[in-house]
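Examining the three-dimensional arrangement
Each chain is listed here by its residues.
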Amino acid sequence: MISYIRGELQETGTDFVVVENQGIGYLISVSASVVSALPALGSEVLLFTYFYKKEDILNLYGFLNREERNMFQLLLGVSGIGPKGALAILSTISVDDLRFAVLSGDAKTIAKAPGIGNKTAQKMVIELKDKLKLEEAFEQAMISERENVSFGQTAEIQNDAVQALAALGYRPTDALRAVRAVPITEGMTVEALLKASLKNIGR
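Below, the structure is looked at part by part. All values derive from a computational prediction rather than experimental measurement.

1. Re unusual backbone geometry
In this model, Gln-22 sits at a positive phi of 55 degrees, which is unusual for a non-glycine residue. Relative to the helices and strands, Gln-22 resides in the loop between β2 (16-21) and β3 (24-29).

Structure below.
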């Protein structure tokens, strides 16, 4: 499998790019979020890739990072979701938000993706929930946000704060977003995080 392609960006479309490497132009299917993050034509780009083969279908899919590619592969493992549906989801929801939506059982957020109905979204939650962990989701979110705090400790207090908000009656997804919006400082307690998170609920 081709792990990644580095080359010159030659062309972009709504759902594809062409990257030239050593005289070969690679046509790569991508999500709308990838297209929006690309530099100007003629610039060098690096895309992590996934080669999809099924019967007479051969296609190369590109992603900005390994996390995005890994999520794409997880989505393909859900019955009823093909490459087109997986890209539609990643075009609508960030990888971090998608993790939190699955872990909190928020099928409504997932169903906002084009072509993904409530039934498919609920199926995704059921089939992926055991493959994702809340602590790891927080750690990945912090890595992407470049927070220089102890990942394990921070994920633990964030998890406790989310559970406390859920116990107060707030929707899990709203609780997750509110907690994530609070900058974590060294030595911050669950109580302090919970108090700060309550100010973000409903914003």
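2. Topic: the pattern of salt bridges
Counting across every chain of the model gives 3 salt bridges. Its salt-bridge partner being Arg-99, residue Glu-67 comes within 2.2 Å of it at the nearest N-O pair. With Glu-67 in helix α2 (residues 66-76) and Arg-99 in helix α4 (residues 95-103), the pair connects residues that are 32 residues apart, well separated along the chain. A salt bridge links Asp-96 to Arg-99; the shortest N-O distance between them is 2.9 Å. With Asp-96 and Arg-99 both in helix α4 and 3 residues apart, this pair spans about one turn of that helix. With a relative accessible area of 12%, Asp-96 lands in the buried category. With a relative accessible area of 7%, Arg-99 lands in the buried category. One salt-bridge network, held together by shared partners, links Glu-67, Asp-96 and Arg-99.

3. What to know about the packing of α2 against helix α3 (residues 83-92)
Between α2 and α3, the shortest axis-to-axis distance is 9 Å and the interhelical angle comes to 135 degrees. By the criterion of interaxial angle, the relationship of α2 to α3 is oblique. In the packing of α2 onto α3, the handedness of the crossing is right-handed. Counted together, Glu-68, Met-71, Phe-72, Leu-75 and Leu-76 of α2 and Pro-83, Ala-86, Leu-87, Ile-89 and Leu-90 of α3 form the full contact between these two elements. Taken together, the residues that form the contact of α2 with α3 break down as 9 nonpolar, no polar and 1 charged.

4. A short note on the nonpolar core
Counting 30 residues, the largest nonpolar core has Phe-72, Leu-75, Ile-89, Leu-90, Leu-98, Ile-110 and Met-124 as its most contacted members. In terms of residue count, α4 provides more of this core than any other element does, 5 residues in total.

5. Let's talk about the pairing of strand β1 (residues 4-12)
Examined bridge by bridge, β1 and strand β4 (residues 44-54) share 5 bridges and lie antiparallel to one another. When the bridges of β4 are listed, Tyr-4 appears paired with Phe-48. Bridging between β1 and β2 involves 4 bridges; their strand directions are antiparallel. In the strand pairing of β2, Thr-12 is matched with Val-17. Where β1 folds back on β2, the antiparallel hairpin that results is connected by 3 residues.

6. As for the packing of aromatic side chains
Enumeration over the complete set of coordinates arrives at 5 aromatic pairs. With 4.9 Å between their ring centres and 50 degrees between their planes, Phe-63 and Phe-72 make a pair best called tilted. The pair Phe-63 / Phe-72 is uniform in exposure class, with both members buried.

7. Things to note about the side chain of Ser-197
Its location among the elements puts Ser-197 in helix α10 (residues 190-198). Polar side-chain contacts of Ser-197 include one of 2.7 Å to the backbone oxygen of Leu-193. Leave out the neighbours within four places in its chain, and Ser-197 touches Leu-165, Ala-178, Val-179 and Val-182.

8. Section: the pairing of β3
For a regular strand, side chains alternate in direction, first toward one face of the sheet and then toward the other. As paired strands, β2 and β3 are joined by 6 bridges and run antiparallel to one another. Each residue of the ladder has a partner; that of Val-19, found in β3, is Tyr-26. The turn joining β2 and β3, which pair antiparallel and follow one another in sequence, is formed by 2 residues; a positive phi near 55 degrees is taken by Gln-22.

Calculation criteria
- Residues numbered from 1 in each chain as written.
- Predicted model: local features only at pLDDT ≥ 70, side-chain atom pairs only at ≥ 80, totals over all residues.
- Heavy atoms only, no water.
- Helix = DSSP H or I, 4+ residues; strand = E, 2+ residues; numbered from the N terminus.
- Salt bridge = Lys/Arg side-chain N within 4 Å of Asp/Glu carboxyl O.
- Buried < 20%, exposed > 50% of the residue type's maximum accessible area, 1.4 Å probe, protein only.
- Axes fitted to C-alpha atoms, helices over the stretch in contact; angles between N-to-C directions.
- Parallel < 35°, antiparallel > 145°, perpendicular 65-115°, else oblique.
- Left-handed = near helix turned anticlockwise from the far one by under 90°.
- Contact = heavy atoms within 4.5 Å.
- Nonpolar A, V, L, I, M, F, W, Y, C, P; charged D, E, K, R; others polar.
- Core = buried A, V, L, I, M, F, W, Y, C linked by side-chain atoms within 4.5 Å.
- Pairing = 2+ DSSP bridges.
- Phe/Tyr/Trp six-rings, centres within 6.5 Å; stacked < 30°, edge-to-face > 60°.
- Polar contact = N/O pair within 3.5 Å; in protein donor to acceptor, adjacent residues only side chain to side chain.

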